[in-house]
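Fold and contact review
What follows is each chain in one-letter form.
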Amino acid sequence: MSGQPEATVRTVTGDVSPAVLGVCDAHDHLFLRSPVLAGQELADAGAAAAELRAFREAGGNTVIQWTPYGMGRHAGELPRLARESGVRIVAATGLHQAVHYAPEVLERFTGHAGGSGALAELFVAELTTGIESRAGAPGTEETSAAATGGPAGRPRAGMIKVAGGFHGLDAHARHTMAAAAEAHHATGAAIGVHLEQGTGAADVLDLLCGTLDVPPERVILGHLNRFPDLTVHREAAAAGAYLAFDGPSRAHHATDWRLPDALAALADAGYGDRLLLGGDTTTAAARSVNGGPGMPFLLRRLRPRLELALGEELVHRVLTANPARAFAAAWKPVAGA
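Quick look at the structure, then.

Rules of the game
Residues numbered from 1 in each chain as written. Predicted model: local features only at pLDDT ≥ 70, side-chain atom pairs only at ≥ 80, totals over all residues. Heavy atoms only, no water. Helix = DSSP H or I, 4+ residues; strand = E, 2+ residues; numbered from the N terminus. Rg over C-alpha atoms; globule rule 2.2 N^0.38 Å. Buried < 20%, exposed > 50% of the residue type's maximum accessible area, 1.4 Å probe, protein only. Contact = heavy atoms within 4.5 Å. Areas by Shrake-Rupley, 256 points an atom, 1.4 Å probe, with all protein chains shown as cover. Lys, Arg positive; Asp, Glu negative; His and termini not counted. Charge placed at Lys NZ, Arg CZ, Asp CG, Glu CD. Expected span 1.5 Å × (residues − 1). Bend = angle between axes of the 7 residues up to and from the residue. Pairing = 2+ DSSP bridges. Axes fitted to C-alpha atoms, helices over the stretch in contact; angles between N-to-C directions. 1 Å grid on protein atoms, 1.4 Å probe; cavity = no way out; pocket = protein on both sides within 12 Å on 5 of 7 lines; lining within 4 Å. Points joined across faces, edges and corners; volume = space filled by probe spheres on them.

**With respect to the overall build of the protein**
Regarding its fold elements, the protein presents eleven helices and ten strands. Taken over C-alpha atoms, the radius of gyration comes to 18 Å for the protein, in line with the 20 Å a tight globule of 337 residues would show. Counting across all 337 residues of the protein, residues that qualify as buried make up 58%. Sequence-distant contacts, at least 24 apart, represent 79% of the contacts inside the protein between residues at least 6 apart. Split by element, the accessible area of the protein, about 12,700 Å² in all, is 52% carbon and sulfur. One finds the centroid of the 28 positive side-chain charges in the protein at a distance of 4 Å from the centroid of its 35 negative side-chain charges.

**Notes on helix 9 (residues 297-310)**
A rise of 1.5 Å per residue sets the reference length of helix 9, with its 14 residues, at 20 Å; its end C-alpha atoms lie 18 Å apart and thus fit the reference within 8%. Its axis deflected by about 40° at R303, helix 9 carries its strongest bend there, up to four residues before the proline P304. Immediately downstream of helix 9, the backbone of G311 shows phi near 95°, a positive value.

**Here's the deal with the sheet that holds strand 4 (residues 62-65)**
Either a parallel or an antiparallel arrangement is found when strands of a sheet pair, and the pairing is made through backbone hydrogen bonds. Taken together, the eight strands give an open sheet; going across it, the order is 3-4-5-6-7-8-9-10, and neighbouring strands pair in parallel fashion. Looking along the sheet, the strands with just one partner apiece sit at the ends: strand 3 (24-28) and strand 10 (275-277). Pairs of neighbouring strands in the sheet enclose a mean axial angle of 25°, with direction left out of account. Of the strand pairs in this sheet, strand 5 (residues 88-94) and strand 6 (residues 157-163) are connected by four bridges, and their pairing is parallel. Residue pairing in the sheet places A92 in a bridge with M159 of strand 6.

**Topic: empty space enclosed by the protein**
By the definition in use, this model includes one cavity of 30 Å³ or more. Along its surface, the largest cavity is lined by L224, N225, P228, H233, F245, T255, R258, L259 and A262.

**Brief notes about unusual backbone geometry**
For H74, which is not a glycine, the phi torsion comes out positive at approximately 50°. Secondary-structure assignment places H74 in the loop between strand 4 and helix 2 (78-85). Accessibility expressed as a relative area gives 11% for H74, which makes it buried. Of note in the backbone geometry, D213 takes a positive phi value of approximately 65° without being a glycine. By the secondary structure assignment, D213 is in the loop between helix 6 (201-211) and strand 8 (219-222).

**A few points about the pairing of strand 3**
The element strand 3 is largely enclosed, with a buried count of five among its five residues. The pairing of strand 3 with strand 4 spans three bridges and is classified as parallel. Its bridge partner being in strand 4, D28 is matched across the sheet by Q65.

Structure, rendered in C-alpha cells:
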C-alpha cells in the first residue's frame, strides 16, 4: 500500500467519492455579485433553491459553483440548499479579475509587498478549514446560515478559481495564478480558469503548468465555447488540461452554434475524456425561474443536441465521469487545518 489518500470531491456538506457525483453542471453560479453586473446580482436564496430544484428535476445531481472570494458566494447558505434540493454543491475559493473588486480588497491581497503568500494562505484556509462568514465587511462574503463540512464547522471550498485576460495575462492575473499554484501544491485542489472570451489558453498553461509546475490535469480551462479555434482547443487538450464549454445559459450567438462541431472534433481526436459542460448562469435574468434558460437548459436543450453530434454514451461521460475526475483530489493534510 502506498499510503496515498483516496481521491474525493470536496462538497459543501463534506468529502464524497467521485462515483456519487452523477450528472454534473461543471461551471455555474447560485450566488454572484460584481460591480460590473450591478442590478443583476444573484443574491436571492429562494431563487437559488428553485433553480436547484429545476436542475434536479431535469436530471442533474451536482453543481460546481465557480464564484470565488469576495463576489457574494453566500457560502453559509450552500449546505442547506444542497441538503434540501438533493443536489451536491462544490464551492470555490480564488480571485477573479481586478475589475470585480473594491480597491481595498485588491490592496489587501494583491499588493506586491507580500508577494502571493497572503492570497495563497486565504485559498488554503478556505479549502481546508472552511469559508468564514464575513457579513458586512466590504468586498467579502455575506453569509448567514450555520454550516457544516469543515473542521471549524464551515463549508469548505473544493476548487480554486482564477482568471486570465483577453489574449494575455496582466500582473493581477499572474499574481493570483501564482497564489493558486501555491494553494494547489499545498492541498491538491484543481484550478479552474476563467478565460476572457475564451482566449489566452496557451499563456495560462505556460504559466501554471510550465513556470508554476501545476500538473495540466489539475487545470480546467473555462469558456472555450466563446473562442471556437479548434487548433487552440486541440493543443490545450493535448497538453492534458480539461476543457470546459460552459455557456448555455448565456447567449453567444456568434459561437454557440459551433459547439457541437468543436466537441466532435476533440472527441474524434481522442480527447473525449478532457471535456466538461456547464451553464455559467451569472445574472438574475438568466435564471430559469426568472424566465431565462438557467441551469436546466444544460440538460433539457443542450444535452439532446449534443447527443446527436457525439452520441449518448460520450455525452453521458462528459456529464458524469469527466467532472468526477476533474474535481476530485487526493487532498493533502495541511498543518493546523
